[in-house]
Amino acid sequence: MSTVKFLKKHEERCTGCGTCMRTCSTTFFKTDDPGRSCISINPSQQGFAISVCDQRCRLCIAECPVQAITVSAQGTVLVNRKICVGCLACVAVCPIGAMKHQPPDAGPFKCIACGACARKCPENAIEIAVEEAQE
Amino acid sequence: MSRETPAAGNGDLVAGHALLAGFRYETRPVVRGYNDRVLCVDVGTLEISEKPVPGEMKAKFTGGKGYGMRLLWDAVKPETKWNDPENEIVIGMGPVCGNTNYPGSGKSLVVSLSPLTGVPIDCNVGGYFGPYLKFSGFDALELRGRAKSDVIVYISGNEGTVQILEAGDESQDSHLLAENMVEIFARDEKDRQHVSSVSAGSGAGNTLIGCLNFSFYDPRRKVARLKQAGRGGIGTVFRDKRIKAVVVRYEGLSSSSNNPADLPVIQKTGLKLHREIIAHDDEQCRMREIGTAHLVEVMNDYDLLPTHNFKFGSHPDAGKIDSHHFSAMVTHGLPDGCWFGCTLACAKAADGFELTTGPYKGSKVTVDGPEYETVAGCGSNIGILDARTVMEINFYCDTYGIDTISFGTLTAFCMECWEKGILNADRTGGLELTWGNSDAVLEMLHRMGRGEGFGLTAGQGVRRMKAIFAREYGADPKLLQDIGCECKGLEYSQYVSKESLAQQGGYSMALKGPQHDEAWLIFMDMVNNHIPTFEAKAEALYYFPMFRTWFGLQGLCKLPWNDIEPADNAGTSEPAKVPEHVQNYVDIFNAVTGRSIDKDELIRQSARVYNFQKVLCLRMGRGRRADDRPPYRMMGPVTVEEYESRAERYDKQLLEQVGFDPSGRTSEEKLEALRKYREDRYEKLLDAVYKRKGWTPAGIPKVETLKDLGIDYPEVVEVVKALGG
């Protein structure tokens, strides 16, 4: 049975402090820029909505013309930048805006469930989880 | 550049092909969408060279088809025939071609003197060849000469080498040959997507309706798929030159391969269109589901689906070949773009399709398509109302290198000739060409593949068949002219134009012959009545051919222009133009090239090339007013049978439009009155359109028009002056 490794959300705990976004963008892009964070926090009626890839829907994988998007052994969806031709079809097809792009970057980026943000979240509103994949 | 033997190719398989000539060139990046050089390969003399693109050519001809026309003019003389070695096949791309962000950006434009028409034909074709050739270092490829025996031209785009190789014993048929080229020139499985070939199958060499197959390797299906440069017989020219395949290998594609002036604009504009497609395609054209075949039921509903050689516009059993039957046959859920980043993804394919006839009977193959034109031409127009048979015809046409549109239209003509007793089993070698006889149609197609019997006759196309049937069988030339659906020598594509005067003009004034890529005005004209006057029709027949020509200058596909529309398009001032998408095109052109054109300059870019192409047709002795007149079948009912099938419509028109009371008249009398009226209106349309285009009533561009466009070159002016322009 394969598994999915993903960032599990507890939105009711989120205070919207933005620590996760800062952590993500400084970890991967060496800049404090919410536009370069794989995770997004937005106000909602209930408080805050956490938007990040659930690693399950995989529409992006089906859309990629060069098979640059694959699932790792741990069950996370990865973009191989060496293969990617930067068409951004995956960005358009993602139903929750979790495949991201910042012009003029060559290609997209997304959450790989590394857990850096979860470790820094002061409210434990996000955590790394591993569950069985539903085929 | 020195002429030297390049390093060995990509393994033993290449080594098995004797090297006849080699050429090394300096690789360098594309600059703002241009290489500013052209690759020339003469397969007869085995000379390979490169030449710079002069600034004047770049400024006036833009790229793609514009470059093709300019280079072809320089290559041929007024007396050049299609099968003279000096006739060229030019494959041009264009500055926007090859970007990976804006859907539909991977097109190649192929230009040559057509075997069917004697004038330039141009085809807009997908597949990876053109963009890979561009990123290998060239804005266009000129193929000329005639080889002594079959050759393969190989361009190794990363190494900067071009080779002419002796062809081996590979099958000529494209579904096998394209696979073979990938096998030979790809270094490993992952490399296969970096190789693309151009080929033409066995039928291309046996007929005048040969097409070219441009390949694109599909890593999921693990097969080299094919897109066609279909119209006008360029595949026939290719085989006459004894070129077996032209292959390019290039790796390293990225969104910045064009080195555009402003990549973020291209990315944002492309992403906007991707999102529009993902959000609205399901409710608009279903291109992602079944491609252009979605049109079958639409055309049938509007009485526009050609049926029995364009006699009728619908068929009671058309539901048997509607898009849902094909949707059930193709594989879904795959990214079916013929170039990277095309989310419109109309290049559908059926996998594991088991063939029931011909040399590959019993094989399970991947069939690309069918597109609407193929379903209509090889379905309803010849009375075949069986989706599976249409698929089989589609497969064999493609692999034999035969244009499905010409095949459909010429087969329909043959069937009507059979119906009228002009053809019989003695004359067809036993083929019973009755409406819907699948076995006979497929056998005729296989005879084209084998180069046998009536397959050779039919493969000459409708215009030559008309002459043969009149000469050999005593058929009435006037009847043949009325029912033979060709203009300028090219077979019509698959829409019934009887009830749209503007579309009759759109078809028959098209420079290359009656293909709908210059103008498709039926809904504007017939359904919505948005262009009721001659002047309004003329304006549409000016604007749309110019606008659509622009796709061919850039290496773009037409489909993402109006086969997907913004949600608010209907509320704009000119919905038929899709204003937001026109602005997208202006934006991406400027973003690639660093220029700052507007939508008016876009039209002027096209108008230069369009008028130049027109003068090239005149230089080749065609393109006069008489060449722009359709056969009457495309204008109205030729026979009593047709008239009576839509009697209520025609009677009403006679009464209300013609001022002819049909009551008590015979069908023959009514036919004649309607015909006189329609033919007269067509002449008035020609007058209005020529005037709008800045041409004389004889259809000759005026010198002042050429001057205004900046293409009043002495050799161009000389042609029109001699004709009163």
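The numbering scheme is per chain: residues are counted from 1 as the chain's sequence reads. As a convention, the first chain written is A and the first ligand written is 1, with the rest following in written order. Restriction of local features to residues with pLDDT of at least 70 applies here, the model being predicted, together with a cutoff of 80 or more for giving and counting side-chain atom pairs; totals for whole chains, interfaces and linings are based on all residues. Heavy atoms throughout the structure, all of them, feed into the side-chain values; hydrogens and water do not.

Enquirer: So what's going on with the overall build of chain B? Which residues, and what values?
Expert: In this description a helix means any DSSP run of H or I spanning at least four residues, a strand means any run of E spanning at least two, and both kinds are numbered starting from the N terminus. On a plain count of helices and strands, chain B comes out with 30 helices and 17 strands. Computed over the C-alpha atoms, the radius of gyration of chain B is 24 Å, within 12% of the 27 Å expected from 2.2 N^0.38 for a compact globule of 725 residues. With respect to the principal axes defined by its C-alpha atoms, chain B has extents near 80 × 55 × 55 Å. Evaluated residue by residue, chain B yields a buried proportion of 65% over its 725 residues. Long-range contacts, defined here as pairs at least 24 residues apart, represent 71% of the contacts in chain B between residues at least 6 apart. Per element, the accessible surface of chain B, about 23400 Å² overall, is 48% carbon and sulfur. Here the positive residues are Lys and Arg and the negative ones are Asp and Glu; neither His nor the chain ends is included. By convention, the point assigned to a charge is CZ for Arg, NZ for Lys, CD for Glu and CG for Asp. Computed over 85 positive and 99 negative side-chain charges, the separation of the two mean positions in chain B equals 4 Å. The quantity called the radius of gyration is restricted to C-alpha atoms. Its globule counterpart is 2.2 Å times the number of residues to the power 0.38. In this scheme, a residue with accessible area under 20% of its type's maximum is buried, one over 50% is exposed, and one in between is partly exposed, where area comes from a 1.4 Å probe on protein chains only. What makes two residues a contact is simply this: any of their non-hydrogen atoms within 4.5 Å. Using the Shrake-Rupley algorithm and a 1.4 Å probe, accessible areas are obtained, with residue cover drawn only from the displayed protein chains.

Enquirer: Outline the overall build of chain A, supporting the account with residue identities and numerical values.
Expert: On a plain count of helices and strands, chain A comes out with four helices and six strands. Helices and strands appear in chain A in the N-to-C order β-α-β-β-α-β-β-α-α-β. Here the C-alpha coordinates of chain A stretch approximately 40 × 40 × 25 Å along the principal axes. Taken across its 135 residues, chain A has 50% of its residues classed as buried. Sequence-distant contacts, at least 24 apart, represent 59% of the contacts inside chain A between residues at least 6 apart. Accessible surface, chain A: about 6800 Å² in total, of which carbon and sulfur atoms supply 51%. Each charge class in chain A was averaged separately, 15 positive and 12 negative side chains, and the resulting centres sit 7 Å apart.

Enquirer: Which residues make up the nonpolar core, and what values do they have?
Expert: Residues and elements named next belong to chain B. With 256 residues, the main nonpolar core has Phe407 and Phe469 as its most contacted residues. The dominant element in this core, judged by the number of residues it contributes, is helix H22 (residues 534–554), at eleven residues. Setting aside chain neighbours within four positions, we find Phe469 in contact with Phe413, Cys417, Ile422, Leu423, Phe454, Thr457, Gly474, Ala475 and Leu480. As used here, the term nonpolar core means buried Ala, Val, Leu, Ile, Met, Phe, Trp, Tyr and Cys residues forming a set that is joined through side-chain atoms within 4.5 Å. In terms of nonpolar packing, the next biggest core, distinct from the first, is built from 18 residues, Ile152, Ala167, Leu177 and Val182 among them.

Enquirer: An account of the side chain of Ser25 of chain A is needed here, citing residue identities and associated values.
Expert: All names here are of chain A. Structurally, Ser25 can be placed in helix H1 (residues 19–28). The class of Ser25 is buried, set by a relative accessible area of 0%. Within the structure, the side chain of Ser25 is placed 3.1 Å from the backbone nitrogen of Asp33, a separation counted as a polar contact. Beyond its immediate chain neighbours, meaning those up to four positions away, Ser25 contacts Lys30, Thr31, Asp32, Asp33, Arg36 and Ser37. Any pair of N or O atoms that falls within 3.5 Å is considered a polar contact. Within protein, one atom must be able to donate a hydrogen and the other to accept it, and sequence-neighbouring residues count only if both atoms are side-chain atoms.

Enquirer: Residue-level account of the side chain of His17 of chain B, with values.
Expert: All names here are of chain B. One can find His17 in the loop between helix H1 (12–15) and strand E1 (19–24). His17 gets classed as buried once you look at its relative accessible area, which sits at 11%. Looking at His17, its side chain comes within polar contact range of the side chain of Glu170, at 2.4 Å.

Enquirer: Tell me what's going on with the interface of chain B and chain A, and back it up with residues and numbers.
Expert: Taken together, the 22 residues of chain B in the interface contact 21 residues of chain A. What gets called buried area is simply the loss in accessible area from a 1.4 Å probe that two parts show on being joined, summed for both. Both faces combined, the contact of chain B with chain A buries some 1700 Å², and carbon together with sulfur accounts for 58% of it. Any Lys or Arg side-chain nitrogen located within 4 Å of an Asp or Glu carboxyl oxygen qualifies as a salt bridge. Summed over the shared surface of chain B and chain A, the result is one salt bridge. The salt bridge involving Glu63 of chain A is made with Arg288 of chain B; its shortest N-O contact spans 3.0 Å. The tally of links between chain B and chain A comes to eleven residue pairs in polar contact (both at pLDDT 80 or more). With eight residues, the single largest contributor to the side of chain B that touches chain A is helix H8 (residues 263–280) of chain B.

Enquirer: Which residues make up the packing of aromatic side chains, and what values go with them?
Expert: Think of a pair of aromatic rings as described by two things: how far the centres are apart, and how the planes are tilted against each other in angle. Residues and elements named next belong to chain B. Aromatic rings from Phe, Tyr and Trp, with only the six-membered ring used for Trp, were paired whenever their centres fell within 6.5 Å, and each pair was classed as stacked if the ring planes differed by under 30 degrees, edge-to-face if by over 60, and tilted otherwise. This structure, assessed with the given rule, holds 39 aromatic pairs over all chains. Ring geometry for Phe135 versus Tyr250: centroids 6.0 Å apart, planes at 40 degrees, classification tilted. Highlighted residues: Phe135 in helix H4 (residues 129–135) and Tyr250 in the loop between strand E13 (243–249) and H8, separated in sequence by 115 residues. Here Phe135 falls in the buried class, since its relative accessible area comes to 7%. Aromatic pair Trp339 and Phe340: ring centres 4.8 Å apart, planes at 65 degrees, arrangement edge-to-face. With respect to burial, Trp339 and Phe340 carry one shared label: buried. The rings of Tyr102, Tyr543, Phe544, Phe547, Trp550, Phe551, Trp561, Tyr585 and Phe589 are connected pair by pair, giving a single aromatic cluster.

Enquirer: Quick rundown of a negative patch on the surface? Include the residues and the values.
Expert: Residues and elements named next belong to chain B. Patch building starts from residues that exceed 30% relative accessible area and form no salt bridge, then joins like charges within 9 Å and nonpolar side chains (Val, Leu, Ile, Met, Phe, Trp, Tyr) within 5 Å. Residues Glu644, Glu668, Glu669 and Glu672 make up a contiguous surface patch of negative charge. The biggest single contributor to the negative patch is helix H28 (residues 667–693), with three residues. Mapped onto the elements, Glu669 comes out in helix H28.

Enquirer: Break down the pattern of salt bridges for me, citing the residues and quoting the values.
Expert: All names here are of chain B. Using the criterion set out here, one finds 73 salt bridges over all chains in the structure. Its salt-bridge partner being Glu452, residue Arg450 comes within 3.0 Å of it at the nearest N-O pair. Residue class for Glu452 comes out partly exposed when judged on its relative accessible area of 34%. Linked by salt bridges that have partners in common, Asp218, Arg221, Arg225, Asp336, Lys348, Asp351 and Asp368 make up one network.

Enquirer: Which residues make up the domain arrangement of chain B, and what values go with them?
Expert: Residue and element names in this part refer to chain B. Each domain's extent is set by a domain assignment, obtained either automatically or from a database. Partitioning chain B into structural domains gives domain 1 (12–249), domain 2 (263–491) and domain 3 (501–722). Using only C-alpha atoms to locate each centre, domain 1 and domain 3 end up separated by 30 Å. The partner domain 3 presents 37 residues to the 41 residues of domain 1 that form the contact. Between domain 1 and domain 3, roughly 3500 Å² of surface is buried when both sides are summed, and carbon and sulfur atoms account for 62% of that area. Of all residues in domain 1, Trp73, Val96 and Tyr102 bury the most surface against domain 3, accounting for 23% of the area lost on that side. Taken together, domain 1 and domain 3 are joined by two salt bridges. With a closest N to O distance of 3.1 Å, Glu715 and Arg70 form a salt bridge. Across the domain 1-domain 3 interface, the total number found is 18 residue pairs in polar contact (both at pLDDT 80 or more). Elements that contribute at least two residues to the side of domain 1 that touches domain 3 include exactly helix H2 (55–61), helix H3 (65–75), strand E5 (108–113) and strand E6 (120–125). Here the side of domain 1 that touches domain 3 takes six residues from H3, the largest share from any one element. Classification convention: Asp, Glu, Lys, Arg as charged; Ala, Val, Leu, Ile, Met, Phe, Trp, Tyr, Cys, Pro as nonpolar; all other residues, Gly among them, as polar. Class assignment for the residues of the side of domain 1 that touches domain 3 results in 19 nonpolar, 13 polar and nine charged.

Enquirer: Can you tell me about the sheet that holds E5 of chain B, naming the residues and giving the values?
Expert: Residues and elements named next belong to chain B. Strand order across the open sheet formed by six strands is E3-E2-E7-E4-E5-E6, with mixed pairing between neighbours. Strand pairing shows two members of the sheet lacking a second neighbour, strand E3 (47–52) and E6, which therefore form its edges. Each neighbouring strand pair of the sheet contributes to a mean axis angle of 15 degrees, computed without reference to strand direction. In this description, strands pair whenever DSSP reports at least two bridges between them. Sheet topology places strand E4 (residues 89–92) next to strand E7 (residues 140–144); four bridges connect them, and they run antiparallel. In the sheet register, Gly92 faces E7, and the bridge partner there is Ala140. Helix axes use the C-alpha atoms of the stretch in contact, all axes being lines fitted to C-alpha atoms, and the angles between their N-to-C directions lie in the range 0 to 180 degrees. Running at roughly 25 degrees to E5, H3 makes contact with strand E2 (37–42), E3, E4, E5, E6 and E7 of the sheet.

Enquirer: Lay out unusual backbone geometry with the relevant residues and their values.
Expert: The omega torsion of the bond from Pro103 of chain A to Pro104 of chain A falls at 0 degrees, within 30 degrees of zero and hence cis. One can find Pro104 of chain A in the loop between helix H3 (89–93) and helix H4 (116–120). Pro370 of chain B follows Gly369 of chain B through a cis peptide bond whose omega is 0 degrees. By the secondary structure assignment, Pro370 of chain B is in the loop between strand E15 (364–368) and helix H12 (372–377). At Ala345 of chain B, a position not held by glycine, the phi torsion is positive, near 50 degrees.

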